[in-house]
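Chain by chain, the residues:
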Amino acid sequence: MSGGPSSWTPLKLLTWTQGFFAQRGVDAPRLTAEVLLAHALSCDRVRLYLDFDKPLGEAELARFRDFVRRRADGEPTAYLVGSREFYGRPFAVDPRVLVPRPETELVLEAALAALPPDGAALDLCTGSGILGVTLALERPGARVLATDLSDDALAVARANAAALGAEVGFARGDLWEAVPADARFDVIVSNPPYVPRGELDTLQREVRREPRLALDGGPDGADVLRRIVAGAPGRLAPGGTLVLEMHESHRELLPLLCREAGLERAEARMDLAGLPRYTVAHVASGPAPA
Ligand code: GLN
């Protein structure tokens, strides 16, 4: 990328950067180049093609160069642009929180399907707030509590709730510690850390830039899932539903843990890539037969 600012048009930059990203193993090299260039120019991607032969100014070019270098070094695109879309809404994200994944939209949909219009929902390990905030926006009559162990994550989640106009209660604490003892929920949802520890160092370099606290699920990845399942039956209202994102290796384990905890109809479900990605389980809707 030499040759003076005035000779670099969006079209030339995109072509050059696409090749550079491809060579450096960056996913979706063209799209990534477009997203970063649009961000450097504070415009949307369509605009790039309207102004495709208009040379960049020096400051714009410097901004873009910095993004390209950092992306090629493994920084996630979402951290560079400071946001990621989830269920059609932009969520601010930075290295304090996990980058929202598209598969988590299926977890959201399962939770939404089980949440009555005036129901109560709990989102444990909320991170950037995507699940709790989206539930509150999709079910404006529902009450939503979202918790996290990390103050840093809660700051991001609170900011997202405020920016998107969602009414969500937030509490900091280690799983059930953050939840009032007498609270009962129609839906408990979580995307907790669930990566088996031994896998952490083999993850894509982008994932290794994400908070370890949001990923490390202990030796088999299910440490936090076990603690959620153990507490869930006592916190679910009659007929309530538990929806947990999980690692593909938990396909049999997590439904089994749910059944052992007294939950019913526990079932692992697939994501769009055909991998087991979450488990849904329920408590009985009435008192158990005598
Ligand atoms: N799905 C994430 C990954 O593949 C893990 C998210 C989590 O541990 N909650 O890296």
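Above this note sits the structure.
Residues numbered from 1 in each chain as written. Predicted model: local features only at pLDDT ≥ 70, side-chain atom pairs only at ≥ 80, totals over all residues. Heavy atoms only, no water.

Draft legend 1. Highlighting the packing of aromatic side chains. Inspection of the entire model under this criterion finds 3 aromatic pairs. Judged by centre distance (5.0 Å) and plane angle (25°), the ring pair of tryptophan 16 and phenylalanine 20 falls under stacked. Highlighted residues: tryptophan 16 and phenylalanine 20, both in helix α1 (residues 10-23), separated by 4 residues, approximately one helical turn. We classify tryptophan 16 as partly exposed; its relative accessible area is 33%. Every member of this aromatic cluster is reached through a ring pair, and the members are Trp16, Phe20 and Phe21. Here the guanidinium or amino end of lysine 12 rests over the ring plane of tryptophan 8, the centre of that ring lying 5.6 Å away. (Phe/Tyr/Trp six-rings, centres within 6.5 Å; stacked < 30°, edge-to-face > 60°. Helix = DSSP H or I, 4+ residues; strand = E, 2+ residues; numbered from the N terminus. Buried < 20%, exposed > 50% of the residue type's maximum accessible area, 1.4 Å probe, protein only. Lys NZ or Arg CZ within 6 Å of the ring centre and 35° of its normal.)

Draft legend 2. Local environment of the packing of α1 against helix α4 (residues 58-72). At a closest axis distance of 11 Å, the pairing of α1 and α4 adopts a crossing angle of 15°. As far as their axial angle goes, α4 and α1 are roughly parallel. Handedness of the α1/α4 crossing: right-handed. Contacts from Leu13, Trp16, Thr17, Phe20 and Phe21 in α1 reach Leu61, Phe64, Val68, Arg71 and Ala72 in α4. (Axes fitted to C-alpha atoms, helices over the stretch in contact; angles between N-to-C directions. Parallel < 35°, antiparallel > 145°, perpendicular 65-115°, else oblique. Left-handed = near helix turned anticlockwise from the far one by under 90°. Contact = heavy atoms within 4.5 Å.)

Draft legend 3. Spotlight on the site of the ligand. Taken together, Leu98, Arg101, Asn191, Pro192, Pro193, Tyr194, Val195, Val207, Ala214 and Leu215 make up the full set of residues near the ligand. Arginine 101 is positioned such that a nitrogen or oxygen atom in its side chain is 3.1 Å from an oxygen atom of the ligand. Separating an oxygen atom of the ligand from a backbone N or O atom of alanine 214 is a distance of 3.4 Å. Notes on the ligand: free accessible area 290 Å², of which the protein chains cover 87%. (Near = heavy atom within 4 Å. Polar contact = N/O pair within 3.5 Å; in protein donor to acceptor, adjacent residues only side chain to side chain. Areas by Shrake-Rupley, 256 points an atom, 1.4 Å probe, with all protein chains shown as cover.)

Draft legend 4. View of the sheet that holds strand β4 (residues 143-148). Pairing is mixed across the open sheet formed by 7 strands, whose spatial order is β5-β4-β3-β6-β7-β9-β8. Strand pairing shows two members of the sheet lacking a second neighbour, β5 (169-172) and β8 (264-270), which therefore form its edges. In this sheet, adjacent strand axes meet at a mean angle of 15° when their direction is disregarded. Relative to strand β9 (residues 276-282), β8 runs antiparallel, the two sharing 5 bridges. The residue bridging glutamate 264 from the neighbouring strand is histidine 282, located in β9. Contacting β3 (120-124), β6 (185-190) and β7 (236-245), helix α9 (residues 223-235) crosses the sheet at an angle of about 165° to β7. (Pairing = 2+ DSSP bridges.)

Draft legend 5. Seen up close, the pattern of salt bridges. Following the criterion strictly, the structure yields 21 salt bridges and no others. Where glutamate 34 meets arginine 45, a salt bridge forms, and the shortest distance between an N and an O atom there is 3.0 Å. With glutamate 34 in helix α2 (residues 29-40) and arginine 45 in helix α3 (residues 45-50), this pair connects stretches of sequence that are 11 residues apart. Residue classification places arginine 45 among the partly exposed residues on the basis of a relative accessible area of 39%. We note a salt bridge from arginine 205 to glutamate 206, for which the minimum N-O separation is 3.7 Å. Judged by relative accessible area, which is 13%, glutamate 206 ranks as buried. The network of salt bridges with common partners includes Asp66, Arg69, Arg70 and Glu75. (Salt bridge = Lys/Arg side-chain N within 4 Å of Asp/Glu carboxyl O.)

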